[in-house]
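Examination of the molecular architecture
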Amino acid sequence: LIDVMRRQAELASQHGVGGFCFHYYWFGGRRLLERPLDQFLKSDIDFPFCVCWANENWTRRWDGLENDILLEQKYGPEDDLAFIEALLPVLSDSRYIRVNGKPLLIVYRPSLFPDPAATQAIWRRRARDAGLGEIFLCMVQFDQNDPRPFGFDAAVEFPPHKLSAGLAPINQELSIVNADYAGHVVRYADLVDQSFAEAQPDYPLIRGVAPSWDNDARKPGRGFTLAGASPEIYRGWLRYCVDWARRHPVEGEALVF
């Protein structure tokens, strides 16, 4: 509902959120879950935004059959060019988020690219030829942390995936109703402590925060959940990351996701 999207933008603006990031689902020219972004682009909602290409295969993740591929993600020079061509009107939107004047394009898993250097080179060249100038390529820290081997400019944290690595589950401390539950529950405060303990890397990093996390709806009985979140703990985490971003700007800008 476009009226709901408009109200969300108003609330975000009133409470200090500087922009939204839309997941972009693109498979060789075919898009999925495209309506929110398309509606936003056509609207008069005056709020900054960017996109993140969720470039994994489309699978039945919600019922656990992760090997059951519905749409396969394919890569090659023609696909690389078609992808950036499709995005040019989006990147050119006056509301699109820029870092030091460069449109911010995020990719979820560049490690899946057969030739990351060739892919990003095609994107950068086409953006320059189209008059956009340089683009700012950012990589989500999903299975890799360092953006440099992929030719990307910076990395952005996805806290539930990155910071939960190695944390002990607290399932045994909980009264779980589902006797067959096979998921993992991690203490929210432990995840935040992991963020506090992160050392500054020698590459540009945009820190990330999460007020909560629970993907059990996608993997019933096998999900990953953060327990014990509170506004107070979240406030401390957000303040820390904002301060960190000010001390470690990326291209001169303090950014937090």
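Residues numbered from 1 in each chain as written. Predicted model: local features only at pLDDT ≥ 70, side-chain atom pairs only at ≥ 80, totals over all residues. Heavy atoms only, no water.

Structural notes on the environment of Leu37
One can find Leu37 in helix α2 (residues 35-42). The exposure class assigned to Leu37 is buried, which follows from its relative accessible area of 3%. Expressed as a C-alpha distance, the spacing of Leu37 and Phe49, which sit 12 residues apart in the sequence, is 9.5 Å. Non-local contacts of Leu37, meaning those with residues more than four positions away in its chain, are made with Phe22, Tyr24, Arg31, Phe49 and Val51. (Helix = DSSP H or I, 4+ residues; strand = E, 2+ residues; numbered from the N terminus. Buried < 20%, exposed > 50% of the residue type's maximum accessible area, 1.4 Å probe, protein only. Contact = heavy atoms within 4.5 Å.)

Description of the pairing of strand β7 (residues 102-107)
With five of its six residues buried, β7 lies for the most part within the structure. In this structure, strand β3 (residues 49-53) lies alongside β7, joined through three bridges in parallel fashion. Bridge pairing in β7 links Val51 to Leu105. Note: strand β6 (residues 98-99) against β7, two bridges, orientation antiparallel. For Val99, the partnering residue across the bridge sits in β7 and is Lys102. The turn joining β6 and β7, which pair antiparallel and follow one another in sequence, is formed by two residues; a positive phi near 55° is taken by Asn100. As paired strands, β7 and strand β8 (residues 136-141) are joined by four bridges and run parallel to one another. Along β8, the bridge assignment pairs Leu104 with Phe136. (Pairing = 2+ DSSP bridges.)

What about the packing of aromatic side chains?
Tallied over the full model, the rule gives 22 aromatic pairs. For the pair Trp53 and Phe113, a centre-to-centre distance of 6.0 Å together with 35° between the ring planes defines the contact as tilted. On the criterion of sequence distance, the pair formed by Trp53 in strand β3 and Phe113 in the loop between β7 and α4 (116-129) is long-range, its members being 60 residues apart. Plain terms: the ring middles of Trp53 and Trp123 are 6.1 Å apart, the flat faces sit at 55° to each other, and that makes the pair tilted. (Phe/Tyr/Trp six-rings, centres within 6.5 Å; stacked < 30°, edge-to-face > 60°.)

Things to note about the pattern of salt bridges
The full count for this structure, using the stated rule, is 19 salt bridges. We note a salt bridge from Asp146 to Arg148, for which the minimum N-O separation is 2.7 Å. Asp146 sits in the partly exposed class, given a relative accessible area of 23%. A salt bridge links Asp243 to Arg247; its shortest N-O distance comes to 3.0 Å. Here Asp243 and its partner Arg247 are both found in helix α7 (residues 231-247), four residues apart, which amounts to about one turn of the helix. We classify Asp243 as partly exposed; its relative accessible area is 37%. One network of salt bridges, in which partners are shared, links Glu157, Lys162, Glu198 and Arg207. (Salt bridge = Lys/Arg side-chain N within 4 Å of Asp/Glu carboxyl O.)

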